[in-house]
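Read off the chains here:
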Amino acid sequence: MEYLSLYDYLGKPAGGKLGKEVASAASREGIKLETRKVDTPRYTGIVYLYPKDFLEFYFREPDTIKEADPILGEIDWSNSELEDDDLPF
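Bear in mind the structure is a predicted one, so any value in this text is a computation, not a measurement.

Participant: Please explain the nonpolar core as it appears in this structure.
Facilitator: Buried together is how nonpolar side chains tend to be arranged in soluble globular proteins. Grouped together as the largest cluster of nonpolar side chains are 8 residues: Leu 4, Leu 6, Val 22, Ala 25, Ala 26, Tyr 50, Phe 54 and Leu 55. When contributions to this core are tallied by element, the ones reaching two or more residues are helix H2 (16–28) and helix H3 (52–58). By residue number, the principal contributor to this core is H2, which donates 3 residues. What Leu 4 contacts, discounting residues up to four positions off in sequence, is Tyr 9, Tyr 48, Leu 49, Tyr 50, Lys 52 and Leu 55.

Participant: Hey, could you run me through the pairing of strand E2 (residues 34–39) in this one?
Facilitator: Taken together, the 6 bridges between E2 and strand E3 (residues 44–51) define a ladder with antiparallel strand orientation. Within the sheet, the bridge partner assigned to Asp 39 lies in E3 and is Thr 44. The turn joining E2 and E3, which pair antiparallel and follow one another in sequence, is formed by 4 residues.

Participant: What exactly am I supposed to notice about the pattern of salt bridges here?
Facilitator: Side-chain pairs of opposite charge can arise whenever the charged atoms involved come near each other. Throughout the structure, instances matching the rule amount to 3 salt bridges. A salt bridge links Arg 36 to Asp 8, with the nearest nitrogen and oxygen atoms 2.8 Å apart. With a gap of 28 residues between them, Arg 36 in strand E2 and Asp 8 in helix H1 (residues 6–10) connect regions that are remote in the sequence. Classification of Arg 36 as partly exposed rests on a relative accessible area of 32%. Close ionic contact of Glu 34 with Lys 32 constitutes a salt bridge, the shortest N to O distance being 3.5 Å. Glu 34 gets classed as partly exposed once you look at its relative accessible area, which sits at 31%. For Lys 32, a relative accessible area of 54% translates into the label exposed.

Participant: Would you mind going over the sheet that holds E3 with me for this structure?
Facilitator: Two strands in a sheet stick together by hydrogen bonds in their backbones, pointing the same way (parallel) or opposite ways (antiparallel). The 3 strands are arranged E1-E3-E2 in an open sheet whose pairing can be described as antiparallel. Since the sheet does not close on itself, it has two edges, and those belong to strand E1 (3–4) and E2, each with one partner. Bridge count for E1 against E3 is 2 bridges, and the pairing is antiparallel. In the strand pairing of E3, Leu 4 is matched with Tyr 50.

Participant: Explain the environment of Val 22 to me, please; I cannot follow it from the model alone.
Facilitator: Turning to its location among the elements, Val 22 is positioned in helix H2. Distance from Val 22 to Leu 55, taken between C-alpha atoms, is 8.5 Å for residues 33 residues apart in sequence. Those residues in contact with Val 22, other than ones at most four positions away along the chain, are Leu 6, Tyr 50, Phe 54, Leu 55, Tyr 58 and Phe 59.

Participant: Explain H2 to me, please; I cannot follow it from the model alone.
Facilitator: Since one α-helical turn is 3.6 residues long, residues separated by three or four positions face the same way. Over its 13 residues, H2 extends 18 Å from the first C-alpha to the last, a length consistent with the 18 Å expected when each residue adds 1.5 Å. All of the buried residues in H2 are Gly 19, Val 22, Ala 25 and Ala 26. Around the axis of H2, the buried residues are gathered within 130° of arc, so they sit on the same side. Seen from the open side of H2, the exposed residues pointing more than 90 degrees away from its buried face are Gly 16, Lys 17, Lys 20, Ser 27 and Arg 28. On the buried face of H2, the contacting elements are H1, E3 and H3. Where H2 terminates, the next one or two residues include Gly 30, which has phi positive at roughly 70°.

So, how was this worked out
Residues numbered from 1 in each chain as written. Predicted model: local features only at pLDDT ≥ 70, side-chain atom pairs only at ≥ 80, totals over all residues. Heavy atoms only, no water. Core = buried A, V, L, I, M, F, W, Y, C linked by side-chain atoms within 4.5 Å. Buried < 20%, exposed > 50% of the residue type's maximum accessible area, 1.4 Å probe, protein only. Helix = DSSP H or I, 4+ residues; strand = E, 2+ residues; numbered from the N terminus. Contact = heavy atoms within 4.5 Å. Pairing = 2+ DSSP bridges. Salt bridge = Lys/Arg side-chain N within 4 Å of Asp/Glu carboxyl O. Expected span 1.5 Å × (residues − 1). Arc of directions from axis to C-beta.

Put into structure tokens, the structure is as follows:
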């Protein structure tokens, strides 16, 4: 399994706020993290590494979100023909 830091995945520093949000989400989901020591002119310390699949899921585009319905199974709302003011019934 490939593990990446937020910097590796995003291509830029994520910042403390986003870093805490991603770490919190990973913790809630029971995601196993790894660490790496870095020593650069801008940052020295430990960074968390996340599974690439988790980062792809976390940073997915909102229109690709699918929901699981206990009766109907997975529902893909990205191709919904409903307008914002239309009711689904």
